[in-house]
Amino acid sequence: MDLPPPSSGRPLVVFDRVEVKYSETVALDGVSFEVQKGEFVFFVGRTGAGKSTILKVISREVQHTGGRALLDGRELGEVRPREVPHLRRQMGIVPQDFALLPSKRVWENVAYAMRAIGASSREVRRKVPEILERVSIGHRADAFPHQLSGGEQQRVAIARALINNPLLLLADEPTGNLDPEHSIEIMELLAQLNVRGTTVLVASHDMLVVERMDKRVIRLESGRIVEAEEEAGLA
Ligand code: ADP
(Lines give C-alpha, C1' and ligand atoms only; values in the text may rest on other atoms or scores of the structure.)
Protein backbone atom coordinates (compact mmCIF):
# COMPACT_ATOMS: atom_id res chain seq x y z
CA MET A 1 0.00 0.00 0.00
CA ASP A 2 1.34 3.41 -0.86
CA LEU A 3 0.44 6.15 1.49
CA PRO A 4 0.58 9.65 0.08
CA PRO A 5 3.72 11.59 1.09
CA PRO A 6 3.49 12.61 4.75
CA SER A 7 4.55 16.17 4.12
CA SER A 8 1.13 17.80 3.90
CA GLY A 9 -0.52 19.38 6.90
CA ARG A 10 -3.17 16.73 7.43
CA PRO A 11 -3.34 14.88 10.76
CA LEU A 12 -1.53 11.57 10.95
CA VAL A 13 -4.45 9.81 12.65
CA VAL A 14 -8.11 10.75 12.47
CA PHE A 15 -10.81 8.88 14.37
CA ASP A 16 -14.28 10.11 13.53
CA ARG A 17 -17.03 8.49 15.58
CA VAL A 18 -15.23 5.15 15.44
CA GLU A 19 -17.15 2.16 16.68
CA VAL A 20 -15.78 -1.32 17.31
CA LYS A 21 -18.00 -4.21 18.26
CA TYR A 22 -16.64 -7.61 19.16
CA SER A 23 -19.83 -9.64 18.63
CA GLU A 24 -21.93 -8.38 21.56
CA THR A 25 -19.31 -6.20 23.24
CA VAL A 26 -19.05 -2.57 22.20
CA ALA A 27 -15.34 -1.84 22.69
CA LEU A 28 -15.37 1.63 21.12
CA ASP A 29 -18.52 3.67 21.02
CA GLY A 30 -18.20 6.77 18.84
CA VAL A 31 -14.57 7.70 19.51
CA SER A 32 -13.30 10.86 17.80
CA PHE A 33 -9.86 12.45 18.04
CA GLU A 34 -7.01 13.56 15.83
CA VAL A 35 -3.28 13.12 16.26
CA GLN A 36 -0.88 15.42 14.44
CA LYS A 37 2.52 14.32 13.20
CA GLY A 38 5.10 14.68 15.94
CA GLU A 39 2.63 14.41 18.84
CA PHE A 40 2.93 12.23 21.95
CA VAL A 41 -0.45 10.99 23.16
CA PHE A 42 -1.44 8.79 26.07
CA PHE A 43 -4.65 6.78 26.00
CA VAL A 44 -5.62 6.10 29.59
CA GLY A 45 -8.43 4.34 31.38
CA ARG A 46 -9.20 1.16 33.27
CA THR A 47 -8.79 -2.33 31.90
CA GLY A 48 -11.49 -2.87 29.31
CA ALA A 49 -11.93 0.86 28.57
CA GLY A 50 -10.89 0.42 24.94
CA LYS A 51 -7.25 1.62 24.90
CA SER A 52 -5.81 -1.45 23.16
CA THR A 53 -8.64 -1.50 20.68
CA ILE A 54 -7.73 2.02 19.54
CA LEU A 55 -4.14 0.95 18.87
CA LYS A 56 -5.35 -2.23 17.18
CA VAL A 57 -7.61 -0.29 14.82
CA ILE A 58 -4.56 1.78 13.81
CA SER A 59 -2.40 -1.31 13.25
CA ARG A 60 -5.35 -3.02 11.52
CA GLU A 61 -5.38 -5.94 13.94
CA VAL A 62 -9.02 -5.02 14.43
CA GLN A 63 -11.40 -3.52 11.89
CA HIS A 64 -13.77 -0.82 13.04
CA THR A 65 -17.44 -1.52 12.56
CA GLY A 66 -18.52 2.11 12.29
CA GLY A 67 -17.24 5.63 11.73
CA ARG A 68 -14.02 6.60 9.95
CA ALA A 69 -10.45 5.80 10.95
CA LEU A 70 -7.74 7.37 8.80
CA LEU A 71 -3.99 6.93 8.89
CA ASP A 72 -2.20 9.65 6.98
CA GLY A 73 -5.34 10.26 4.97
CA ARG A 74 -6.04 6.62 4.16
CA GLU A 75 -9.22 4.94 5.47
CA LEU A 76 -7.96 1.91 7.41
CA GLY A 77 -11.15 0.01 6.64
CA GLU A 78 -10.19 0.08 2.96
CA VAL A 79 -6.76 -1.46 3.46
CA ARG A 80 -6.93 -4.89 1.86
CA PRO A 81 -5.71 -7.88 3.88
CA ARG A 82 -2.71 -8.38 1.60
CA GLU A 83 -1.70 -4.73 2.19
CA VAL A 84 -1.72 -5.07 5.97
CA PRO A 85 1.92 -6.25 6.30
CA HIS A 86 3.04 -3.21 4.32
CA LEU A 87 0.89 -0.95 6.48
CA ARG A 88 2.40 -2.41 9.67
CA ARG A 89 5.90 -1.83 8.39
CA GLN A 90 5.17 1.86 8.60
CA MET A 91 4.59 1.52 12.33
CA GLY A 92 6.79 0.54 15.20
CA ILE A 93 4.86 -1.70 17.53
CA VAL A 94 6.17 -2.04 21.09
CA PRO A 95 4.56 -4.93 22.95
CA GLN A 96 4.11 -5.10 26.70
CA ASP A 97 5.97 -8.40 27.03
CA PHE A 98 8.99 -7.35 24.88
CA ALA A 99 8.57 -10.46 22.67
CA LEU A 100 12.30 -10.91 22.07
CA LEU A 101 13.73 -14.08 20.56
CA PRO A 102 15.32 -15.79 23.59
CA SER A 103 18.04 -17.65 21.68
CA LYS A 104 19.28 -14.55 19.88
CA ARG A 105 21.58 -11.85 21.17
CA VAL A 106 20.39 -8.28 21.48
CA TRP A 107 21.90 -7.16 18.18
CA GLU A 108 20.57 -10.29 16.45
CA ASN A 109 17.05 -9.58 17.65
CA VAL A 110 17.18 -6.20 15.95
CA ALA A 111 19.04 -7.51 12.88
CA TYR A 112 16.51 -10.29 12.47
CA ALA A 113 13.67 -7.80 12.27
CA MET A 114 15.60 -5.79 9.67
CA ARG A 115 16.34 -8.85 7.56
CA ALA A 116 12.69 -9.85 7.72
CA ILE A 117 11.89 -6.76 5.69
CA GLY A 118 14.68 -7.38 3.21
CA ALA A 119 17.47 -5.13 4.51
CA SER A 120 20.94 -5.90 3.13
CA SER A 121 23.74 -7.12 5.41
CA ARG A 122 25.43 -3.81 4.86
CA GLU A 123 22.39 -1.86 6.05
CA VAL A 124 22.08 -4.19 9.04
CA ARG A 125 25.74 -3.63 9.99
CA ARG A 126 25.36 0.10 9.74
CA LYS A 127 21.98 0.55 11.35
CA VAL A 128 21.83 -1.94 14.23
CA PRO A 129 24.61 -0.30 16.31
CA GLU A 130 23.15 3.13 15.62
CA ILE A 131 19.67 2.15 16.79
CA LEU A 132 21.02 0.34 19.87
CA GLU A 133 22.93 3.49 20.80
CA ARG A 134 19.83 5.59 20.29
CA VAL A 135 17.99 3.61 22.97
CA SER A 136 21.11 3.41 25.21
CA ILE A 137 21.56 -0.35 25.02
CA GLY A 138 24.61 -0.50 22.73
CA HIS A 139 26.77 -1.76 25.61
CA ARG A 140 24.61 -4.91 25.87
CA ALA A 141 24.60 -5.74 22.16
CA ASP A 142 26.08 -9.22 22.72
CA ALA A 143 23.88 -10.18 25.66
CA PHE A 144 20.97 -12.61 25.46
CA PRO A 145 17.52 -11.36 26.52
CA HIS A 146 17.50 -13.41 29.75
CA GLN A 147 20.68 -11.60 30.85
CA LEU A 148 18.91 -8.25 30.73
CA SER A 149 16.58 -6.47 33.15
CA GLY A 150 12.99 -5.86 32.06
CA GLY A 151 13.80 -2.23 31.32
CA GLU A 152 16.76 -3.24 29.15
CA GLN A 153 14.64 -5.79 27.29
CA GLN A 154 12.05 -3.12 26.61
CA ARG A 155 14.79 -0.89 25.17
CA VAL A 156 15.66 -3.69 22.76
CA ALA A 157 11.99 -4.05 21.82
CA ILE A 158 11.85 -0.29 21.18
CA ALA A 159 15.03 -0.49 19.07
CA ARG A 160 13.40 -3.23 17.03
CA ALA A 161 10.28 -1.10 16.58
CA LEU A 162 12.40 1.79 15.29
CA ILE A 163 14.37 0.05 12.56
CA ASN A 164 12.13 1.08 9.69
CA ASN A 165 11.92 4.75 10.67
CA PRO A 166 8.25 4.29 11.41
CA LEU A 167 5.64 6.91 10.78
CA LEU A 168 4.51 6.33 14.34
CA LEU A 169 5.25 4.18 17.39
CA LEU A 170 2.38 2.30 19.02
CA ALA A 171 3.03 1.07 22.54
CA ASP A 172 0.41 -0.91 24.43
CA GLU A 173 1.19 -0.81 28.17
CA PRO A 174 4.93 -0.65 27.48
CA THR A 175 5.65 -0.44 31.20
CA GLY A 176 3.14 -3.09 32.25
CA ASN A 177 5.89 -5.53 33.22
CA LEU A 178 8.30 -3.00 34.73
CA ASP A 179 8.90 -1.58 38.18
CA PRO A 180 8.23 2.16 38.69
CA GLU A 181 11.84 3.23 38.16
CA HIS A 182 12.22 1.39 34.86
CA SER A 183 8.75 2.52 33.83
CA ILE A 184 9.78 6.16 34.06
CA GLU A 185 13.01 5.45 32.17
CA ILE A 186 11.16 3.78 29.33
CA MET A 187 8.59 6.57 29.09
CA GLU A 188 11.42 9.10 29.08
CA LEU A 189 13.05 7.19 26.25
CA LEU A 190 9.78 7.31 24.28
CA ALA A 191 9.60 11.04 24.99
CA GLN A 192 13.17 11.51 23.71
CA LEU A 193 12.35 9.64 20.51
CA ASN A 194 9.32 11.88 20.17
CA VAL A 195 11.48 14.99 20.52
CA ARG A 196 13.53 13.62 17.61
CA GLY A 197 10.37 13.54 15.52
CA THR A 198 8.63 10.19 16.00
CA THR A 199 4.91 10.36 16.69
CA VAL A 200 4.20 8.21 19.76
CA LEU A 201 0.88 6.73 20.90
CA VAL A 202 0.88 4.94 24.24
CA ALA A 203 -1.91 3.01 25.97
CA SER A 204 -1.36 2.93 29.71
CA HIS A 205 -3.31 2.53 32.90
CA ASP A 206 -0.32 3.57 34.98
CA MET A 207 -1.47 7.04 36.00
CA LEU A 208 1.59 7.68 38.14
CA VAL A 209 3.81 7.45 35.09
CA VAL A 210 1.36 9.25 32.80
CA GLU A 211 1.06 12.23 35.13
CA ARG A 212 4.83 12.48 35.48
CA MET A 213 5.22 12.78 31.72
CA ASP A 214 2.99 15.82 31.23
CA LYS A 215 1.81 14.90 27.72
CA ARG A 216 -1.52 15.01 25.96
CA VAL A 217 -3.95 12.55 27.56
CA ILE A 218 -7.08 11.02 26.04
CA ARG A 219 -9.13 9.34 28.74
CA LEU A 220 -11.47 6.47 27.99
CA GLU A 221 -14.29 4.91 29.94
CA SER A 222 -16.38 2.03 28.60
CA GLY A 223 -15.37 2.73 25.02
CA ARG A 224 -15.97 6.48 25.10
CA ILE A 225 -13.69 9.46 25.48
CA VAL A 226 -14.54 11.15 28.73
CA GLU A 227 -11.91 13.82 28.77
CA ALA A 228 -9.32 14.87 26.25
CA GLU A 229 -6.71 17.29 27.45
CA GLU A 230 -3.71 18.93 25.89
CA GLU A 231 -0.53 18.74 27.97
CA ALA A 232 -2.57 17.30 30.79
CA GLY A 233 -0.10 16.73 33.59
CA LEU A 234 -2.29 18.87 35.79
CA ALA A 235 -5.21 16.44 35.93
P1 ADP B 1 -8.14 -1.84 27.43
O2 ADP B 1 -6.97 -1.87 26.50
O3 ADP B 1 -8.51 -0.46 27.86
O4 ADP B 1 -7.96 -2.76 28.59
P5 ADP B 1 -9.57 -3.26 25.33
O6 ADP B 1 -9.51 -2.37 24.16
O7 ADP B 1 -8.62 -4.40 25.40
O8 ADP B 1 -9.43 -2.36 26.64
O9 ADP B 1 -11.04 -3.85 25.48
C10 ADP B 1 -12.22 -3.09 25.32
C11 ADP B 1 -13.43 -4.01 25.48
O12 ADP B 1 -13.47 -4.95 24.41
C13 ADP B 1 -13.43 -4.84 26.75
O14 ADP B 1 -14.76 -4.98 27.18
C15 ADP B 1 -12.86 -6.17 26.29
O16 ADP B 1 -13.35 -7.21 27.11
C17 ADP B 1 -13.43 -6.27 24.89
N18 ADP B 1 -12.57 -7.04 23.99
C19 ADP B 1 -11.28 -6.76 23.69
N20 ADP B 1 -10.80 -7.65 22.80
C21 ADP B 1 -11.81 -8.53 22.53
C22 ADP B 1 -11.94 -9.68 21.69
N23 ADP B 1 -10.93 -10.09 20.93
N24 ADP B 1 -13.13 -10.32 21.69
C25 ADP B 1 -14.17 -9.89 22.44
N26 ADP B 1 -14.12 -8.81 23.25
C27 ADP B 1 -12.94 -8.14 23.30
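Throughout, a residue's number is its position along its own chain's written sequence, starting from 1. Owing to the predicted nature of the model, reporting of local features is limited to residues with pLDDT of at least 70; listing and counting of side-chain atom pairs is limited to 80 or more, with chain, interface and lining totals taken over all residues. Computation of side-chain values: all heavy atoms of the structure, hydrogens and water removed.

With that settled, consider the overall build of the protein. Tallying secondary structure elements over the protein gives 7 helices and 10 strands in all. In this setup the radius of gyration rests on C-alpha atoms only. A globule is expected at 2.2 Å times the number of residues raised to 0.38. The C-alpha atoms of the protein give a radius of gyration of 17 Å, which matches the 18 Å a tight globule of 235 residues would have. Summarising its shape, the C-alpha atoms of the protein cover approximately 45 × 40 × 35 Å along the three principal directions. Evaluated residue by residue, the protein yields a buried proportion of 51% over its 235 residues. Contact criterion: two residues are considered in contact whenever any of their non-hydrogen atoms come within 4.5 Å of each other. Within the protein, contacts between residues at least 6 apart in sequence are counted, and of these 69% link residues at least 24 apart. Helix numbers and strand numbers start at the N terminus; a helix is a DSSP run of H or I with at least 4 residues, a strand a run of E with at least 2. Each residue is assigned to one of three classes by its accessible area relative to the maximum for its type, calculated with a 1.4 Å probe on protein chains only: buried under 20%, partly exposed between the two thresholds, exposed over 50%.

Only a single heavy atom is needed: when it lies within 4 Å of a molecule or strand, its residue is near that molecule or strand. The ligand sits among Tyr 22, Thr 25, Ala 27, Arg 46, Thr 47, Gly 48, Ala 49, Gly 50, Lys 51, Ser 52 and Thr 53. Pairs of N or O atoms are called polar contacts if they sit within 3.5 Å, as long as, within protein, a hydrogen donor faces a hydrogen acceptor (for residues adjacent in sequence, only side-chain-to-side-chain pairs). Taking Arg 46, its main chain carries an N or O atom lying 3.4 Å from an oxygen atom of the ligand. Contact with the protein chains hides 61% of the accessible area of the ligand, taken as 560 Å² for the molecule alone. Ranked by residues supplied to the shell around the ligand, first place goes to helix α1 (residues 51-58) with 3 residues. Under this grouping Gly is polar, as are all residues other than the nonpolar Ala, Val, Leu, Ile, Met, Phe, Trp, Tyr, Cys and Pro and the charged Asp, Glu, Lys and Arg. Among the residues forming the shell around the ligand, the class breakdown is 3 nonpolar, 6 polar and 2 charged. Areas reported here follow the Shrake-Rupley algorithm with a probe of radius 1.4 Å; residue values treat only the protein chains shown as occluding.

Now for helix α4 (residues 121-134). Note: α-helices contain 3.6 residues per turn, so residues at a spacing of three or four share the same orientation. Multiply 1.5 Å by the residue count of a helix minus one, and that product is the helix's expected span. The end-to-end C-alpha distance of α4 is 20 Å, a good match for the 20 Å that 14 residues give at a rise of 1.5 Å each. A residue's bend is given by the angle between axes fitted to the 7 residues ending at it and the 7 residues starting at it. Roughly 25° is the biggest bend found in α4, and it falls at Lys 127, with proline Pro 129 one to four residues downstream. Among the residues of α4, Val 124, Lys 127, Val 128, Ile 131 and Leu 132 are the ones counted as buried.

A word on the domain arrangement of the protein. Domain start and end points were adopted from an automatic or database domain assignment. Here the protein is described as being made up of domain 1 (10-90 + 166-230) and domain 2 (100-165). Listed by partner, the interface residues are 13 residues for domain 1 and 13 residues for domain 2. When two components associate, each loses some accessible surface as probed by a 1.4 Å sphere; the sum of these losses over both components is called the buried area. It is Arg 89, Pro 166 and Leu 189 that lose the most area in domain 1 upon contact with domain 2, and together they represent 38% of the buried surface on that side. The term salt bridge refers to a side-chain nitrogen of Lys or Arg lying within 4 Å of a carboxyl oxygen of Asp or Glu. For the pair domain 1 and domain 2, the number of links is 1 salt bridge. Close ionic contact of Glu 185 with Arg 155 constitutes a salt bridge, the shortest N to O distance being 3.5 Å. Where domain 1 packs against domain 2, one counts 2 residue pairs in polar contact (both at pLDDT 80 or more). Of the residues belonging to the side of domain 1 that touches domain 2, the class tally is 9 nonpolar, 1 polar and 3 charged.

Any Phe, Tyr or Trp ring, taking Trp's six-membered ring, that has another such ring centre within 6.5 Å forms a pair; planes under 30 degrees apart are called stacked, those over 60 apart edge-to-face, and the others tilted. Per the counting criterion, the structure on display carries 3 aromatic pairs. With a centroid separation of 5.1 Å and 55° between ring planes, the pair formed by Phe 40 and Phe 42 is classed as tilted. Residue class for Phe 42 comes out buried when judged on its relative accessible area of 0%. Through a chain of ring-to-ring contacts, the aromatic side chains of Phe 15, Phe 33 and Phe 43 assemble into a single cluster. Sitting over the ring of Phe 40, Lys 215 keeps its end group 5.4 Å from the ring centre. In this scheme, Lys NZ or Arg CZ marks a charge over a ring once it lies within 6 Å of the ring centre and within 35 degrees of the ring normal.

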